[in-house]
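Tertiary structure, described
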Amino acid sequence: MVHLKPLFKITICDDSRLAQRQISWAIKDWNVDISYAVNGEQAINAIHDKKAELLFLDLNMPVLDGFQVLQQIRDSNLKTKVIVVSGDIQKKSLQRVMELGACAFISKPIIPQDLTDIIKDLGLFEQLVPAINEPKTRAQFEKNNSCPTLLERIQETANIAMGKTADRLAELFDSFISLSIPKVNLITKPELYMMLKSSGSDDFTSTISQGFVGGGISGESIIITDKSGLPHISQFLGCSSEIDCDLEQDILFDVAGLLSSSFLKAFLQQLNIHHMNLGIPSIIDFEGQLTHLKHEQDLEKIMAVEMSYQVSNSETHCDLLLLFTTESIELMDERSELFSWPI
């Protein structure tokens, strides 16, 4: 490549290696020097080290999240332009990042043409895109960008699906939804028992299970919610009567169905699966239904995807646990390569 201008310093800040890779591919032929950060603290350091004339910034990250990074940039008057790239597509998130000084917001997965339009609007096109250019081949790109693992691919798939689900919940509750960082692990059934027992077996929580199947991928969706938030949920669902046992169960099933179906639809669509069936929800009886798991001798592993949603300024909080069967893992490995991304 012939460089007509000094390399423009760019930092990509995202805790997902898959997201880093996708942005890297979108800008692989630009006249840039790319650095990486996996949390907001590293992004701030990159700005101080003059490695971030332009910062691509995720929102949902450890140590410092994207909102905190933008706040620090503004408070300290740090010199960088910020393009937020996030799966959190809530309107309140977009409004908040723009108020904090971001130049633009792009939803994941990034579309290269959208990015080109943004840098033109920012007046950076001439600096970033050289007139004379030798495009990198995929082989050249792969040299410096190793392929993400299955768990990394599934985590980023879950991150995007979680953001779309939060957007739907935000409209329902007219509130900002705080999101966790998704966790993806391969676990045994005894490990699953301990996970469920520690998080949902007391009198203050309810745990709802719902099976699902779609495109050869199957498993179980488990919602764990704090019952203290039920009056708030009831209000937004239009229920005005006193919450008795029957109404409590109806509300729990409605919320579980909404959360599970919204997430799974967004998740499976990224795997090119567009049809899904959800089973009938049921409340888990820990002693009656789960005790056998802790004595399970078969140590074959299933995939667990954990995340949580918190409605701001309320006690409404839900944990979502997706369990995928052992037979589904290989198919998910294949289909997670089908992202509508350019690599």
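Preceding block: the structure.
Let us look at the structure shown here. None of the values given here were measured: they were computed from a predicted structure.

Parameters and conventions
- Residues numbered from 1 in each chain as written.
- Predicted model: local features only at pLDDT ≥ 70, side-chain atom pairs only at ≥ 80, totals over all residues.
- Heavy atoms only, no water.
- Axes fitted to C-alpha atoms, helices over the stretch in contact; angles between N-to-C directions.
- Helix = DSSP H or I, 4+ residues; strand = E, 2+ residues; numbered from the N terminus.
- Parallel < 35°, antiparallel > 145°, perpendicular 65-115°, else oblique.
- Left-handed = near helix turned anticlockwise from the far one by under 90°.
- Contact = heavy atoms within 4.5 Å.
- Nonpolar A, V, L, I, M, F, W, Y, C, P; charged D, E, K, R; others polar.
- Buried < 20%, exposed > 50% of the residue type's maximum accessible area, 1.4 Å probe, protein only.
- Pairing = 2+ DSSP bridges.
- Phe/Tyr/Trp six-rings, centres within 6.5 Å; stacked < 30°, edge-to-face > 60°.

**Thoughts on the packing of helix 2 (residues 40-48) against helix 3 (residues 66-75)**
Packing of helix 2 against helix 3 leaves a shortest axis separation of 9 Å and a crossing angle of 30 degrees. Between helix 2 and helix 3, the interaxial angle falls into the category roughly parallel. Taken as a pair, helix 2 and helix 3 cross one another with a handedness that is right-handed. Residues G40, I44 and I47 of helix 2 lie in contact with helix 3, whose contacting residues are V69, Q72 and I73. Class assignment for the residues of the contact of helix 2 with helix 3 results in four nonpolar, two polar and no charged.

**Concerning the packing of helix 3 against helix 4 (residues 91-99)**
It is the contact of helix 3 with helix 4, at a shortest axis distance of 9 Å, that shows an interaxial angle of 20 degrees. Viewed along their axes, helix 3 and helix 4 adopt a mutual orientation that is roughly parallel. Once helix 3 is placed against helix 4, the crossing between them reads as left-handed. Contact residues: F67, L70 and R74 in helix 3; S93, R96, V97 and E99 in helix 4. The class makeup of the residues in the contact of helix 3 with helix 4 is three nonpolar, one polar and three charged.

**Looking at the environment of N313**
Relative to the assigned elements, N313 resides in the loop between strand 12 (302-311) and strand 13 (317-324). Once the C-alpha coordinates of N313 and F176 are considered, the two residues, 137 residues apart in sequence, prove to be 8.7 Å apart.

**With respect to the pairing of strand 12**
In terms of burial, strand 12 is largely enclosed, as eight of its 10 residues are buried. Relative to strand 12, strand 6 (residues 177-179) runs antiparallel, the two sharing three bridges. From the neighbouring strand, I177 faces strand 12, where its bridge partner is V311. Of the pairings in the sheet, the one linking strand 7 (residues 183-187) to strand 12 comprises five bridges and is antiparallel in character. Directly across from L186, in strand 12, lies its bridge partner M303. Taken together, the eight bridges between strand 12 and strand 13 define a ladder with antiparallel strand orientation. Looking at the pairing, E306 lines up with L321 of strand 13. Linking strand 12 to strand 13, which pair antiparallel, is a turn of five residues; within it N313 sits at a positive phi near 60 degrees.

**Focus: the packing of aromatic side chains**
Applying the stated criterion across every chain yields a total of four aromatic pairs. Arranged with centres 6.2 Å apart and planes meeting at 85 degrees, the rings of F67 and F176 form a pair that is edge-to-face. Taken as a pair, F67 in helix 3 and F176 in the loop between helix 8 (150-173) and strand 6 lie far apart in primary sequence, 109 residues in all. Where F212 meets F324, the ring centres are 5.5 Å apart and the plane angle is 75 degrees; that geometry is what we call edge-to-face.

**Points about the side chain of T11**
Counting through the fold element by element, T11 comes out in strand 1 (residues 8-13). What makes T11 buried here is its relative accessible area of 0%. Non-local contacts of T11, meaning those with residues more than four positions away in its chain, are made with S35, Y36, A37, A46, K51, A52, L54, L55 and F56.

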